[in-house]
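Understanding the architecture of this molecule
Letter by letter, the chains look like this.
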Amino acid sequence: MHSAIERYLKEKNYPLSIVRSREFHNSQEILHAKAISLRQQRKGKRPNKSQPLTSEEESSLWLKGQLRDFSGKVLTNVNFKNLTEQLGFRGRQEHYDAYVEDFVIRQQEDGSEVVEFLEGPTKTRSGDLTISRRTTPQVMYSTDGGKTDPVRLFKLWLSKRPDGMKDKGPLYLSVINRPKSNDIWYTKIRMGENTIGNIMKSMASCLKTNKKLTNHSMRKTLVSKLKKSGQPRNVICEITGHARESSLDDYDEIDENQRKELSHIISGFKEVPNENGPNDVSNQNSTAAKAPTIQNTVQKPVLHQRAPLVPINRAQQQGQMHQAMEFLNPDFQAAGFAGFPPSCPSQFQYRMAALTCAGNPAASSQNYTGCTFNFFSQENAMPQPQPQKKRRAYIIESDDED
């Protein structure tokens, strides 16, 4: 409503914008506050919002005879569906404004037939110089000539019109409930706009669902089908007739089947296998069960447990070290005071390292007592620099009001 008032004032050359001008900033704030107040009163939740059809519901319409070709009513229903999905017609007005002269049936070189619609001004494409036209024509292609072939159903629909109106006049005509002839199922009276607006509601009466299904539901079903097939937004706009790709944001919703699947996954009722997941224990177990027996014969690496540390005093530690030094190097002379590094040739260090590695290959993963210890006195130790404290900036706030 706000945008409609904005367009009206713009047509009357009003200099300001009630949406973007600074002079109307207060009115914008009041509108936002009013919207929040209405939402808190549980209003504005769009209870009449239409929902798309699922594939099961669409199949049910075919099985229950709501989309067929045996009567004038169901033939109108199926052509309403095809015109909405194939040519992107909107729910009511575009169907009502369509004429037979707007359609051309052509035959292609391969023998198939197409129905091309010559588009006129629409809701979002008024035809002026500022609005872009569709780059691709609105065409409906034939399939295999079966019961769901859209071109066959459209030609049958036109053939059941009264004489003199088979190739001209309004596209939608009133249905004869009890036709006297199998050749004419429609009158010469134009079908009312409200009757066209209730076509989807009449069809959905046979479905056991509480969903809000209107004529716009068929248009949402079209967008849902194209999105599931991976079509980009610009291609979808060529079918639906939207002037901007941002207009498809309102159609970005998951369908009922997807929401049901997500609910079962959350509740744990349904498990989704994650074959590429690194933490999928079930896949790892299944892979190990299917592995050949050769892999089971491979020895697993032995994990050495760390030996517990035994507290010993300093005298025992020095005695064990002296015994080891005398065994490996008879010329070893112990120091006369604590903290002095033992004097031994450099070749002894190499021999000690070689003996340690050769005697126990897993020496790096175990603890040992009685190994080579290097002692350093505090006089030789390098002084460690004290970490500097980081300075922090404090904001001094004044108590004065000025």
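- By the naming in an unreviewed UniProt entry, the protein goes by ZMYM2-like/QRICH1 C-terminal domain-containing protein and is assigned to Porites lobata.

1. Focus: the overall build of the protein
- Within the protein, the regular secondary structure consists of 14 helices and five strands.
- Looking at the protein as a whole, 27% of its 402 residues qualify as buried.

2. Focus on the layout of surface pockets
- Its volume calculated, the largest pocket comes out at about 340 Å³.
- In terms of lining residues, the largest pocket is bounded by Ser3, Glu6, Arg7, Leu9, Lys10, Glu11, Tyr14, Leu16, Ser17, Val19 and Arg20.
- Here the lining of the largest pocket is built from residues that sort into four nonpolar, two polar and five charged.

3. Comments concerning the nonpolar core
- The biggest cluster of nonpolar side chains holds 36 residues, and the ones touching the most others in it are Leu83, Phe103, Phe154, Trp157, Leu171 and Tyr172.
- Going through the elements one at a time, α3 (55–63), α4 (72–87), β2 (113–117), α6 (150–159) and α8 (199–203) are the ones with two or more residues in this core.
- Not counting residues within four places of it along the chain, the set of residues in contact with Leu83 comprises Gly88, Phe89, His95, Phe103, Phe154, Trp157, Leu171 and Tyr172.
- Counting seven residues, the second largest nonpolar core, distinct from the first, contains Leu222, Val223, Leu226 and Leu248.

4. Notes on the packing of α4 against helix α9 (residues 215–228)
- Remark: α4 packs on α9, axes separated minimally by 9 Å, with the N-to-C direction vectors making an angle of 45°. Classified by the interaxial angle, the pair formed by α4 and α9 is oblique. Helix-helix and strand crossings are classified by hand; for α4 and α9 the assignment is right-handed. Of the residues in α9, those touching α4 at Phe80, Lys81, Thr84 and Glu85 are Asn215, Met218, Arg219, Thr221, Leu222 and Lys225.
- Residue composition of the contact of α4 with α9, by class: three nonpolar, three polar and four charged.

5. Overview of a nonpolar patch on the surface
- Taken together, the side chains of Ile254, Leu262 and Ile265 present a nonpolar region at the surface, about 240 Å² in accessible area.
- Its location among the elements puts Ile254 in the loop between α10 (233–240) and α11 (256–267).
- With relative accessibility at 46%, the residue Ile254 sits in the partly exposed group.

6. So, the pattern of salt bridges
- Under the defined criterion, the tally for this structure stands at 10 salt bridges.
- Note that Arg20 is salt-bridged to Glu6, the shortest N-O span being 3.9 Å. Taken as a pair, Arg20 in the loop between α1 (2–11) and α2 (25–40) and Glu6 in helix α1 lie far apart in primary sequence, 14 residues in all.
- In this structure Arg20 comes out as exposed when scored by relative accessible area, which is 67%.
- The closest approach of N and O atoms between Glu57 and Lys211, which form a salt bridge, is 3.1 Å. One end of the pair, Glu57, is in helix α3; the other, Lys211, is in the loop between α8 and α9, and 154 residues separate them in sequence. Accessibility assignment for this pair places Glu57 and Lys211 in one class, buried.
- One salt-bridge network, held together by shared partners, links Glu58, Lys81, Glu85 and Lys225.

7. Details of the pairing of strand β1 (residues 103–107)
- Judged from the five bridges that link them, β1 and β2 form a sheet pairing that is antiparallel. Bridge pairing in β2 links Gln107 to Glu113.
- Linkage of β1 to β2, two consecutive antiparallel strands, is achieved through a turn of five residues, within which Gly111 is found at a positive phi near 95°.

8. With respect to the sheet that holds strand β3 (residues 138–141)
- Sheet architecture is open: three strands sit in the order β1-β2-β3, paired in antiparallel fashion. If you trace the sheet from one side to the other, it starts and ends with β1 and β3, each paired once. Averaged over all neighbouring strand pairs, the angle between strand axes comes to 25°, with direction disregarded.
- Along the sheet, α4 makes contact with β1, β2 and β3, crossing β3 at roughly 120°.

9. Side note on the side chain of Asp149
- Here Asp149 is to be found in the loop between β3 and α6.
- Although Asp149 lies buried, it forms no salt bridge, and the closest oppositely charged side chain, Arg152, sits 5.8 Å away as judged by the N-O distance.
- When neighbours within four sequence positions are excluded, Asp149 is seen to be in contact with Tyr141, Ser142, Thr143 and Asp144.

10. Section: α4
- With 16 residues, α4 ought to run about 22 Å at 1.5 Å a step, and its terminal C-alpha atoms sit 21 Å apart, in line with that.
- The buried fraction of α4 amounts to 14 of the 16 residues, a majority that puts the element mostly inside the structure.

Rules used in this analysis
- Residues numbered from 1 in each chain as written.
- Predicted model: local features only at pLDDT ≥ 70, side-chain atom pairs only at ≥ 80, totals over all residues.
- Heavy atoms only, no water.
- Helix = DSSP H or I, 4+ residues; strand = E, 2+ residues; numbered from the N terminus.
- Buried < 20%, exposed > 50% of the residue type's maximum accessible area, 1.4 Å probe, protein only.
- 1 Å grid on protein atoms, 1.4 Å probe; cavity = no way out; pocket = protein on both sides within 12 Å on 5 of 7 lines; lining within 4 Å.
- Points joined across faces, edges and corners; volume = space filled by probe spheres on them.
- Nonpolar A, V, L, I, M, F, W, Y, C, P; charged D, E, K, R; others polar.
- Core = buried A, V, L, I, M, F, W, Y, C linked by side-chain atoms within 4.5 Å.
- Contact = heavy atoms within 4.5 Å.
- Axes fitted to C-alpha atoms, helices over the stretch in contact; angles between N-to-C directions.
- Parallel < 35°, antiparallel > 145°, perpendicular 65-115°, else oblique.
- Left-handed = near helix turned anticlockwise from the far one by under 90°.
- Patch = residues over 30% accessible without salt bridge, like charges linked within 9 Å, V, L, I, M, F, W, Y side chains within 5 Å.
- Areas by Shrake-Rupley, 256 points an atom, 1.4 Å probe, with all protein chains shown as cover.
- Salt bridge = Lys/Arg side-chain N within 4 Å of Asp/Glu carboxyl O.
- Pairing = 2+ DSSP bridges.
- Lys, Arg positive; Asp, Glu negative; His and termini not counted.
- Expected span 1.5 Å × (residues − 1).

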